[in-house]
Amino acid sequence: MIVIKFGGTSVGSLENFRKSGAIIESYVKKKKKFCVVVSAMHQVTNKLITVANKASIQDASYLEDVKSLKEGHLKIIQNLTKGKWLEEGITTIEKHFQELESLLNGVFLVKELSPRSSDLIQSFGERLSSNIMTLYMRYKKISCIYLDTRSVIKTDGTFGNAKVNFRKTELLTKKIFSQYSDKIVICSGYIASTENDETTTLGRGGSDYTASIIAYSLRAKSIEIWTDVDGVMTADPRKVKDAYTLPRLTYIEAMEMSHFGAKVIYPPTIQPAFSKNIPIWIKNTFNPDAKGTLIDKKGDSRKLPVKGIPCIEDITILNVVGSGMIGVPGIASRLFRSLADRNINVILITQSSSEHSITFAVTPKDAKLSQEIIHKEFAQEISHKTIEDVYREENLSILAIIGENMKNTPGVTGRLFQTLGRNGINVIAIAQGSSEYNISLVINKHHLTKAINSLHEAFFLSHIKTINIFLVGIGLIGTSLLQQIQEQYEHLIVRNKLKIRVIGITNSKKMIFDIDGIELKNWKDTIENNSEEYGMDTYITRMKEYNLTNPVFVDCTSSLELVHHYEDILSSNISIITPNKLANSSDYTLYENLHKISLKKGVKFLYETNVGAGLPIIRTLQDLIYSGDEIIKIEGILSGTLSYIFNNFKKGTAFSDIVREAQEKGLTEPDPREDLKGMDVVRKILILSREVGYKLEIQDVILKPILPEECFNTPNIEAFYQELKKHDRIMENKLLLARDKRKKLRFIAKLEKKKITVSLQNVNIKHPFYNLFGSDNIVSFTTKRYSQRPLVVKGPGAGAEVTSAGVFAEIISLSSSFIQDNYTYEDEK
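**Side note on the pattern of salt bridges**
Right, so step 1: Applying the stated criterion to the full structure yields 34 salt bridges.
Right, so step 2: Across the salt bridge formed by Asp65 and Lys54, the nearest N and O atoms sit 2.8 Å from each other. Here the residue Asp65 occupies a position in helix α3 (residues 62–80), and Lys54 occupies one in helix α2 (residues 44–56), the gap between them amounting to eleven residues.
Right, so step 3: Using a relative accessible area of 25% as the deciding quantity, one classes Asp65 as partly exposed.
Right, so step 4: Since its relative accessible area comes to 22%, Lys54 is described here as partly exposed.
Right, so step 5: As a salt-bridge pair, Lys365 and Asp366 come within 3.5 Å of each other at their nearest N and O atoms.
Right, so step 6: The exposure class of Lys365 is exposed, given its relative accessible area of 69%.

**Let's talk about the confidence of the model for the protein chain**
Right, so step 1: On average, residues of the protein chain score 91 in pLDDT, and 97% of them reach the 70 mark or higher.
Right, so step 2: This model gives residues 819–829 a pLDDT under 50, and the stretch forms 36 contacts once residues within four places in sequence are excluded.

**Digging into the side chain of Thr269**
Right, so step 1: Relative to the helices and strands, Thr269 resides in the loop between α8 (251–259) and α9 (270–275).
Right, so step 2: Exposure remark for Thr269: the relative accessible area of 0% places this residue in the buried category.
Right, so step 3: Residue contacts for Thr269: discarding those within four places in its chain leaves Asp208, Tyr209, Ser212 and Ile280.

**Description of the sheet that holds strand β10 (residues 293–296)**
Right, so step 1: Across the sheet, which stays open at both edges, the eight strands sit in the order β3-β4-β2-β1-β7-β9-β10-β8 with mixed pairing between neighbours. Either end of the sheet is taken by a strand with one partner, and the two such strands are β3 (144–147) and β8 (248–250). Here the strands of the sheet are splayed against their neighbours by 20° on average, with no regard to which way each runs.
Right, so step 2: Direction of pairing for strand β1 (residues 2–6) relative to strand β2 (residues 34–38): parallel, over a ladder of five bridges. Note that in β2 the partner of Ile2 across the bridge is Phe34.
Right, so step 3: Relative to the sheet, α8 contacts β8 and β10, its axis offset from that of β8 by approximately 90°.

**Details of helix α13 (residues 412–422)**
Right, so step 1: Buried residues of α13: Val412, Arg415, Leu416, Thr419, Leu420 and Arg422, and no others. Angularly, the buried residues of α13 cover 165° about the axis, an arc narrow enough to put them on a single face.
Right, so step 2: Looking at the buried side of α13, the elements it contacts are β14 (389–402), β15 (427–432), β16 (438–444) and α14 (448–459).
Right, so step 3: One or two steps after α13, the chain reaches Gly424, where phi turns positive at roughly 70°.

**Some details on the packing of aromatic side chains**
The geometry of an aromatic ring pair is captured by the separation of the ring centres together with the interplanar angle, meaning the angle of the planes.
Right, so step 1: A complete count under the given rule lists 19 aromatic pairs for this structure.
Right, so step 2: Each ring, one from Phe166 and one from Tyr216, has its centre 5.0 Å from the other, and the planes form 65°; the classification is edge-to-face. A residue pair is termed long-range when its members are at least 10 positions apart, and Phe166 in helix α6 (residues 166–179) and Tyr216 in helix α7 (residues 206–218) qualify at 50 residues.
Right, so step 3: Residue classification places Phe166 among the partly exposed residues on the basis of a relative accessible area of 23%.

**Focus on the sheet that holds strand β23 (residues 605–606)**
Right, so step 1: Across the sheet, which stays open at both edges, the seven strands sit in the order β20-β19-β18-β17-β21-β22-β23 with mixed pairing between neighbours. A single partner strand is all that each edge strand has here, and the edge strands are β20 (532–533) and β23.
Right, so step 2: Direction of pairing for strand β17 (residues 465–472) relative to strand β21 (residues 551–555): parallel, over a ladder of five bridges. Residue pairing for β21: Leu471 is matched across the bridge by Val554.
Right, so step 3: Each of β17, β18 (498–506), β19 (510–513), β20 and β21 is contacted by helix α17 (residues 536–546), which is oriented at about 170° to β17, the strand it contacts most.

**Observations concerning the pairing of strand β26 (residues 744–752)**
Right, so step 1: Where strand β24 (residues 631–637) lies against β26, four bridges are found, and the strand directions are antiparallel. Bridged to Lys633 within β26 is Glu752.
Right, so step 2: As paired elements, β26 and strand β27 (residues 755–763) share nine bridges and run antiparallel to each other. Each residue of the ladder has a partner; that of Phe747, found in β27, is Leu760.
Right, so step 3: Counted along the chain from β26 to the antiparallel partner β27, the turn is two residues long, and its residue Lys753 has a positive phi close to 55°.

**Quick look at the packing of helix α1 (residues 14–29) against helix α5 (residues 115–139)**
Right, so step 1: Where α1 meets α5, the axes come as close as 11 Å, and the angle between the chain directions of the two elements is 60°. It follows from the interaxial angle that α1 and α5 lie oblique. Crossing of α1 over α5 shows right-handed handedness. Together, Phe17, Arg18, Ser20, Gly21 and Ile24 of α1 and Ser129, Ile132, Met133, Tyr136 and Met137 of α5 make up the contact between the two elements.
Right, so step 2: The residue inventory of the contact of α1 with α5, partitioned by class, reads six nonpolar, three polar and one charged.

**Structural notes on α8**
Side chains of residues three or four places apart in an α-helix project in the same direction, reflecting 3.6 residues per turn.
Right, so step 1: Within α8, burial applies to Tyr251, Glu253, Ala254, Met257 and Ser258. Along the axis of α8, the buried positions cluster into a sector of 160°, meaning they face one direction only.
Right, so step 2: Each element contacted by the buried residues of α8 is listed here: β8, α9, β10 and β14.

Rules used in this analysis
All residue numbers here refer to positions counted from 1 along the written sequence of the relevant chain. Local features in this predicted model are restricted to residues of pLDDT 70 or higher, and side-chain atom pairs are both shown and tallied only at a pLDDT of 80 or more, whereas totals for entire chains, interfaces and linings draw on every residue. Side-chain numbers here rest on the full set of heavy atoms in the structure, without hydrogens or water. Only one rule defines a salt bridge in this text: a Lys or Arg side-chain nitrogen within 4 Å of an Asp or Glu carboxyl oxygen. Strands here mean DSSP runs of E at least two residues long; helices mean DSSP runs of H or I at least four residues long; both are numbered from the N terminus. Exposure categories follow from relative accessible area, calculated using a 1.4 Å probe and restricted to protein chains: below 20% of the type maximum is buried, above 50% is exposed, and the middle band is partly exposed. The predictor attaches a confidence to each residue, called pLDDT, with possible values from 0 through 100. Residue contacts follow a heavy-atom distance rule, with two residues in contact if any of their heavy atoms lie within 4.5 Å. Any two strands are treated as partners once DSSP identifies two or more bridges connecting them. To obtain an axis, a line is fitted to C-alpha atoms, over the contacting stretch when the element is a helix, and the angle between two such axes runs from 0 to 180 degrees between their N-to-C directions. Note: the arc covers the axis-to-C-beta directions of the helix. Only rings of Phe, Tyr and Trp enter the pairing, Trp through its six-membered ring, and a pair is recorded when the two centres are within 6.5 Å. The plane angle decides the type: under 30 degrees is stacked, over 60 is edge-to-face, the rest tilted. Reported orientations rely on four angle classes, namely roughly parallel under 35 degrees, roughly antiparallel over 145, roughly perpendicular from 65 to 115, and oblique for the rest. For any pair of crossing helices, the crossing counts as left-handed if the nearer helix is rotated counterclockwise from the farther one by less than a right angle, and right-handed if it is rotated clockwise. Three categories are distinguished: nonpolar for Ala, Val, Leu, Ile, Met, Phe, Trp, Tyr, Cys and Pro, charged for Asp, Glu, Lys and Arg, and polar for the others, with Gly belonging to the last.

Okay, structure coming up:
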């Protein structure tokens, strides 16, 4: 015998009735022995509760609601059946609604809705839907019979959540089913009755429980819960888009999942099945070919430690605190007994080992009453200050990681807290039993979605990490970066197991967002036609509100104003990657603060492209320092523009022509005066000095300009070139003088003995900067270890593609800071 249960959505509409009926027909064709349990149609139980409450306050509009319910059921039977089955269906529905209307009229007259009356009114949902299903199957020529489960499931008189008398229920169920062994029995879910035949209900979700009770009584082969999802999922798919179906769970894992918000199975369902070792299948009515989830004693043979991350979205915690609680027997007993006496359900409990405080969680609707109960129970202790007070914290959520094998896997808890910490999520309370089936955490509700997604990625999708990009600046560098991300997207997923999603893009006028990731093929059209007006405060606010895992703010501008937002961004647990030099070369205090915040918040502040575009100059310097080496001197040609100019400045070529050539090739700033002033080089060597540990400011740098001041004071670029031509002879003389000495002109920045100089110099053939070509940059590190032969880093140091490639490399490097796991469901697939 298989017990099949169809949930409310599975009979929630005409089409869904047909889908469920098709599943029953398929089982008949396969000659399987089974019975069926049917829930009320979708939302009908809620509507019955509403009409009952309306009637109890003499709100006559309940009559219209009842009429609507009746019409809905009649419409279903009229479209499912014909002939005598339709006539019988209409008669059955009319009879049930006559009884319902009579009951509601009584409630209306006495202005009272007792728990007993409420259960009887709610029973009509399942009675109606299971009758309709029975008639539909008969119409389809399937031999079946309707069973009102009030005749077999016997309970106590706890209306609303009755307790089952399993011994008596088993006897009655076996007797009834033995009488109809040649028919398919279609049962009403959710409802039962007392010894005096008073209607009771089994609690919301009780139709699952009905199926389990019948399976228990008949020693069924299995239970199938047909619902609207493919099975029990790793997390709530409404919050985690990458959530997927778990193939198999143990009874204990399923029980833990159901208690913490996994809605596909009602918690009490599991116990009767568990006691008789009856497997439970969770199947999808709308995707019957899906394998579903199997719940049994064995669970998943792969022994993966974490099976799911369920949550309870709205909870309130109360803290009972006081030194007078320490070592006093009975405090916890009094606390929880007083709450139980008022039917307050406690969701989570944790207590400090010093016994100075007890923290527990309840639903928000019970929070105020719970506080009042405790104040009353401990009034004397509070007045004597042995208990300080009862503190309430609201707008909280609980999430849990669940798995029977967590106890056998070291490091699960460490991975849990490391993941949350890296994403800036504070844990307010934690509860864990010694069995380690469940580690439950209380966090701020605002962070729930981010927390679940980050944990889901850490425990279930460790083979693929996601980085969420917010880009500012779509000039040459930003545009090139977007192109590289687009071109490498699939390759990164396959080879690096890394997914890069661009969530926001903005320039100084417009901005666009897509929380699922902007389609990069069309981003230019989107920002042109479907954008919002730019506002950096708005952009940053939106970035914070999205609260995504692994967020990265990428600044591809040269804006000083934007730099002033960096501290706020890092403080919001958002990493920053930028080629913008101004943050690290402005006031030392800002430089220091940004690094302190980054360290404190556990986020990254990466700026390799500040100095050498795509060259690993800063990383090399940091590695030398971290390994304990001592920096003696740093020399560098740090401008790709000036490197190109002086590498191509030869006898017979005017200096002004070389500068113009560099500009036309896009190697200079839009205004080449910015490059020739040397301030870009000043900022780069200043950044390197700060990386060494020197607290130097920009005014401490000794700069010897290449050109006189009158070249830079011209009103526009063309005037600049006119003025520059006047100095071509001077520059040529410097070139010839150097050549006569078998030397070359190089614009060199040098850091030595806490002193920085930047100037045009002559270098001989033995100097590492002598043989330099194109727009290459070069840096020489003279250290205690590299004192005889300096360590040299050399390569392309200018151009949007090179710089954007450096930014892209840093984005990719972030994935190495993610927690790497050696197990995942996807790996098994």
